[in-house]
Amino acid sequence: MRRNVTPLMTVALASAVLAPLTAGAANNPSAHQHGHAELQVAIDANTADVFVRSPAYNLLGFEHEPRTEQQHRQLADLEQWLMSTPLINTEDGNCNVEDASFHSSWPEAPRHHSDHAHEHHGHDHDHDHGQANDHSDIEITQSLTCDGLAEHQTLATPLVKHFPALEHLDVQWIGPEGQGATRLEVGDQQFRIGR
Amino acid sequence: MNKLKLTIFLSAASLWYRRRVLALVCLTLTLSVTLLLGIQYLRTEIRQSFTSTISGTDLIVGARSGQLNLLLYTVFHIGDATNNIRWSTYQSMTEDSRIDWLIPISLGDSYRGYRVVSTNEQFLAHFRYGNDQPLTLASGDWFSDLFDVVIGAGVARQLDHELNDDLVLSHGGGRTSFSNHKDLPFRVSGILAPTGTPVDQAVYISLEAMEAMHVGWESGVAIPGRTLSADQARNRDYTPDAITAVLIGLDRPILTFQVQRELNQSREEPLSAILPGVALSELWRMMGQFEKALLGISGFVVITSLVGLIAVLLTLQAQRQREIAVLRATGASPGLIAGLYSLECVGLALASCLFALLLGAAAIAGLSPWLLEHYGLQIRLRPLAREEWLLLMAVPLFALLVSALPALNTWRAGRQQGFGAPDSS
């Protein structure tokens, strides 16, 4: 029986390997792996939408809400950096951040949003969300405009270099050339889009 | 200038004199270069053929599972779904304004080992493979009657089916099934043109037919007296309760991640929405070892060919000692003789590269329809990629380098020979 020999054979080899579920779920907690983050890039003409999800540990070194003055400053610096640095860029570096948002999954510090933190005391579970054993993620979205983005096949991201705790960055992109994915390791900055 | 002309003339004359041996050398080199280029070419083509299994589909949605599992059973027809998704979920997706088209797919039955894919006309209209190529029918039409079946090119070829043949589908997977839907035979209404993808290896029926076949079946067995005859079946209305997966195309692909996140977090039903291109990249990355092995083979081929080249050139040098002596005696300078060597080597290498290109192109052009027909492998004739040109250019460059060795030897020996001196040997 002759079949589509090569793709089938190669696929069969890989089918033994289980793949982790990439996205969050309605009723399963989403995966959380230190040293690992996701970068999604959607490209349309000269604009790009970027989404990054990472355990807070990779970017901050801690996973609880900031307690000390230094931790607060660290978070503020991080937020400032993430909101102003294009998380992907062309080789000429002509991407600009048009809009950005920063979201962390722990309740915000009580001194900033006291009524929000207060709500949690009403729940039947009495554990503190800010405890060190809680895992928290940071999500960043950015809208970028980059001149001549469509002509660029190679893009770079400063994430891996800027955050030494980040060991693997899974990059997924969609663009006029289709979809694709790659994985950046320590020391990698560039990835090729297109098939 | 004159010296160059002379060198070329002498080279040509010398090459012509030794044409038989050189033809053999050239043949060896040509075969080596063809092998080298061929492996490199196939490596990229197989990757291309693999990643172009599906194109234009923005999302594949199935029951909650891993992305590779979902990709394998929907696109490659490998493995099985663990769960189905509700018809109501599919219908609510059809109402989403961001979604341009949906291809529902229901799996589970088979025909002599080939998957039965039950779908609708959207499959023919929107499924794309390769470089955005649509599916076409080689003969006949897409199914219109409840008991029409469209078969993939591979199925038609292997089982020798033609239009209007009757087929009996089997319940469940597997090559030999004891529960066949023999009360309700299907008629081949169309045969798809070959695509070189798993589409060729399946049988396509309507969603309604899948439901109709299973009326009166319980626990995988037909209950006598409760199944339908073909005429009874045609007069009923079938709405499936569940389907296996949906392929989705969006109006604006830039929204893919957004729709994916929403579907993955659906409160209605646990779903997995995957990006086929991303899943394919991941699958290929896992099989990087396979590609590395091919690259390793290419490396060995290069080394073997080049060592062969050195051996051949040194043999040639040994054969030419008399010729060199005559040239020296007639006043050729050691530099000219060394130049002759280099020119000859590079010329040989260039000729071999040219022949290898012609041979390779002819082989691909000649074999590709046959490969597609018999193995479902799509190998296109395309211009060489940059890496392939570099590889090809490395051959004459290396030949120049290799020729330096005998050329230098000859030059040195030539200087030592010193025909003019009375005490020379």
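Source: prediction; values computed, not measured. (Residues numbered from 1 in each chain as written. Chains lettered and ligands numbered in written order. Predicted model: local features only at pLDDT ≥ 70, side-chain atom pairs only at ≥ 80, totals over all residues. Heavy atoms only, no water.)

A. Focus on the overall build of chain A. A count of helical and extended segments in chain A gives five helices and nine strands. Within chain A, counting contacts between residues at least 6 apart in sequence, those at least 24 apart form 69% of the total. Accessible surface, chain A: about 10,200 Å² in total, of which carbon and sulfur atoms supply 47%. (Helix = DSSP H or I, 4+ residues; strand = E, 2+ residues; numbered from the N terminus. Contact = heavy atoms within 4.5 Å. Areas by Shrake-Rupley, 256 points an atom, 1.4 Å probe, with all protein chains shown as cover.)

B. The arrangement of the overall build of chain B in detail. From N to C terminus, chain B includes 14 helices and 17 strands. For 425 residues, the compact-globule estimate of 2.2 N^0.38 gives 22 Å, and the C-alpha radius of gyration of chain B, at 32 Å, exceeds that figure by more than 25%. Taking the principal axes of the C-alpha coordinates as reference, chain B spans close to 115 × 45 × 35 Å. Sequence-distant contacts in chain B: of pairs separated by 6 or more residues, those separated by 24 or more amount to 77%. Within the structure as shown, chain B displays about 20,300 Å² of accessible surface, and the carbon and sulfur contribution to it stands at 59%. Separation of charge centres in chain B, based on 33 positive and 36 negative side chains, amounts to 19 Å. (Rg over C-alpha atoms; globule rule 2.2 N^0.38 Å. Lys, Arg positive; Asp, Glu negative; His and termini not counted. Charge placed at Lys NZ, Arg CZ, Asp CG, Glu CD.)

C. Region of interest: the confidence of the model for chain A. For chain A, the average pLDDT comes to 75, and 70% of its residues sit at 70 or higher. The low-confidence segment residues 109-133 of chain A, where pLDDT is below 50, has 22 contacts with residues more than four positions distant or belonging to other chains. (pLDDT = per-residue confidence, 0-100.)

D. Fine view of the nonpolar core. Counting residues in hydrophobic clusters, the biggest one holds 36 residues, and the most contacted among them are A:Leu39, A:Leu82, A:Ile88, A:Leu159 and A:Leu169. Within the residue set of this core, elements represented by two or more residues are strand 1 (36-44), strand 2 (47-55), helix 2 (56-60), helix 3 (69-84), strand 4 (95-104), strand 5 (137-146), helix 5 (159-162) and strand 7 (168-175) of chain A. Sequence-distant contacts of A:Leu159, defined by excluding residues within four places in its chain, comprise A:Leu39, A:Val52, A:Trp81, A:Leu87, A:Leu166 and A:Leu169. Counting residues in hydrophobic clusters, the runner-up holds 35 residues, among them B:Leu68, B:Tyr129, B:Leu280 and B:Met287. (Core = buried A, V, L, I, M, F, W, Y, C linked by side-chain atoms within 4.5 Å. Buried < 20%, exposed > 50% of the residue type's maximum accessible area, 1.4 Å probe, protein only.)

E. Inspection of a nonpolar patch on the surface at higher detail. A cluster of nonpolar side chains, namely B:Leu24, B:Leu27, B:Leu31 and B:Leu359, defines an oily patch on the protein surface of about 390 Å² accessible area. When residues in the nonpolar patch are grouped by element, the largest group, three residues, is from helix 2 (residues 19-51) of chain B. (Patch = residues over 30% accessible without salt bridge, like charges linked within 9 Å, V, L, I, M, F, W, Y side chains within 5 Å. Salt bridge = Lys/Arg side-chain N within 4 Å of Asp/Glu carboxyl O.)

F. Highlighting the sheet that holds strand 2 of chain A. All names here are of chain A. With mixed pairing, the six strands of this open sheet are ordered in space as 4-5-2-1-7-8. Each having just a single partner strand, strand 4 and strand 8 (178-185) make up the two edges of the open sheet. With direction set aside, neighbouring strand axes in the sheet form an average angle of 15°. Pairing of strand 4 with strand 5, which is carried by nine bridges, proceeds in the antiparallel orientation. By the bridge assignment, Ala100 is partnered in strand 5 with Gln142. (Pairing = 2+ DSSP bridges. Axes fitted to C-alpha atoms, helices over the stretch in contact; angles between N-to-C directions.)

G. Region of the structure containing the sheet that holds strand 6 (residues 154-156) of chain A. Strands sit in the order 3-6-9 (chain A) across an open sheet of three strands; the sheet is antiparallel. Edge positions in the sheet fall to strand 3 (89-90) and strand 9 (190-192) of chain A, since each of these pairs with one other strand and no more.

H. Region of interest: the side chain of A:Arg53. Residues and elements named next belong to chain A. Positionally, Arg53 belongs in strand 2. Using a relative accessible area of 14% as the deciding quantity, one classes Arg53 as buried. A polar contact of 3.4 Å, which involves the side chain of Arg53, links it to the side chain of Glu139. (Polar contact = N/O pair within 3.5 Å; in protein donor to acceptor, adjacent residues only side chain to side chain.)

I. Expanded view of the pairing of strand 1 of chain A. All names here are of chain A. Extensive coverage of strand 1 is indicated by the burial of eight of its nine residues. Sheet topology places strand 1 next to strand 7; seven bridges connect them, and they run parallel. Paired with Val41 across the bridge in strand 7 is Trp173. Alignment of strand 1 against strand 2, held across seven bridges, turns out to be antiparallel. Bridging from a neighbouring strand, Val41 pairs with Val50 of strand 2. The hairpin formed by strand 1 and strand 2 contains two residues between the paired strands, and Ala45 there has a positive phi angle of roughly 50°.

J. Up close: helix 9 (residues 256-264) of chain B. Inspection of helix 9 of chain B places B:Thr256, B:Phe257, B:Val259, B:Gln260, B:Leu263 and B:Asn264 among the buried residues, and these make up the whole buried set. Along helix 9 of chain B, the residues classed as buried sweep out an arc of 165° about the axis, all on the same side. (Arc of directions from axis to C-beta.)

K. Geometry of the pattern of salt bridges. Per the counting criterion, the structure on display carries 11 salt bridges over all chains. A:Glu38 is the salt-bridge partner of A:Arg53, the closest N and O atoms lying 3.7 Å from each other. A residue pair is termed long-range when its members are at least 10 positions apart, and A:Arg53 in strand 2 and A:Glu38 in strand 1 qualify at 15 residues. Among the residues examined, A:Glu38 registers a relative accessible area of 15% and is labelled buried. Note that B:Arg98 is salt-bridged to B:Glu262, the shortest N-O span being 2.7 Å. Of this pair, B:Arg98 sits in the loop between helix 4 (87-94) and strand 3 (99-105) while B:Glu262 sits in helix 9, and the two are 164 residues apart along the sequence. Under the relative-accessibility criterion, B:Glu262 is labelled partly exposed at 39%. In the salt-bridge network here, residues are joined through shared partners; they are A:Glu38, A:Arg53 and A:Glu139.

L. Representation of the packing of helix 2 of chain B against helix 10 (residues 276-286) of chain B within the structure. Residue and element names in this part refer to chain B. For the pair helix 2 and helix 10, interaxial distance at closest approach is 10 Å and the crossing angle is 145°. The two elements helix 2 and helix 10 meet at a crossing, and its hand is right-handed. Note on element contacts: helix 10 touches helix 2 through Leu280, Leu283 and Trp284, opposite Ile46, Arg47, Phe50 and Thr51. Split by residue class, the contact of helix 2 with helix 10 holds five nonpolar, one polar and one charged. (Left-handed = near helix turned anticlockwise from the far one by under 90°. Nonpolar A, V, L, I, M, F, W, Y, C, P; charged D, E, K, R; others polar.)

M. Region of the structure containing the pairing of strand 8 of chain A. All names here are of chain A. As judged from the eight bridges shared by strand 7 and strand 8, these two strands associate in the antiparallel manner. Across the sheet, residue Gln172 finds its bridge partner in strand 8, namely Ala181. Linking strand 7 back to strand 8 in an antiparallel pair, the connection comprises two residues.

N. Structural view of the state of the cysteines. Summed over the entire model, instances satisfying the criterion amount to one disulfide over all chains. Here A:Cys95 pairs with A:Cys146 through a disulfide, and the sulfurs are 2.0 Å apart. Judged by the sign of its S-S torsion, about 105°, the cystine formed by A:Cys95 and A:Cys146 is right-handed. Pair noted here: A:Cys95 is in strand 4 and A:Cys146 is in strand 5, with a separation of 51 residues, a long-range link. Judged by its relative accessible area of 1%, A:Cys146 is buried. No disulfide involves B:Cys353; its nearest neighbouring cysteine sulfur is the one of B:Cys26, lying 9.6 Å away. (Disulfide = S-S within 2.5 Å.)

O. Molecular detail of the domain arrangement of chain B. All names here are of chain B. For chain B, the assigned domains are domain 1 (2-51 + 288-415) and domain 2 (59-282). Computed over C-alpha atoms, the centres of domain 1 and domain 2 are 51 Å apart. With seven residues of domain 1 in contact, the opposing surface of domain 2 contributes eight residues. Sorting the residues of domain 1 by area buried against domain 2 places Phe50, Leu372 and Glu373 first, and these three jointly supply 53% of that buried surface. Counting across the domain 1 and domain 2 interface gives zero salt bridges. Put simply, domain 1 and domain 2 have zero residue pairs in polar contact (both at pLDDT 80 or more) between them. Every element with two or more residues in the side of domain 1 that touches domain 2 is listed here: helix 2 and helix 13 (334-375). Looking at which element gives the most residues to the side of domain 1 that touches domain 2, the answer is helix 13, with three residues. Each residue belonging to the side of domain 1 that touches domain 2 can be placed in one class, and the counts come to two nonpolar, four polar and one charged. (Domains from an automatic or database assignment. Buried area = accessible area lost by both parts, 1.4 Å probe.)

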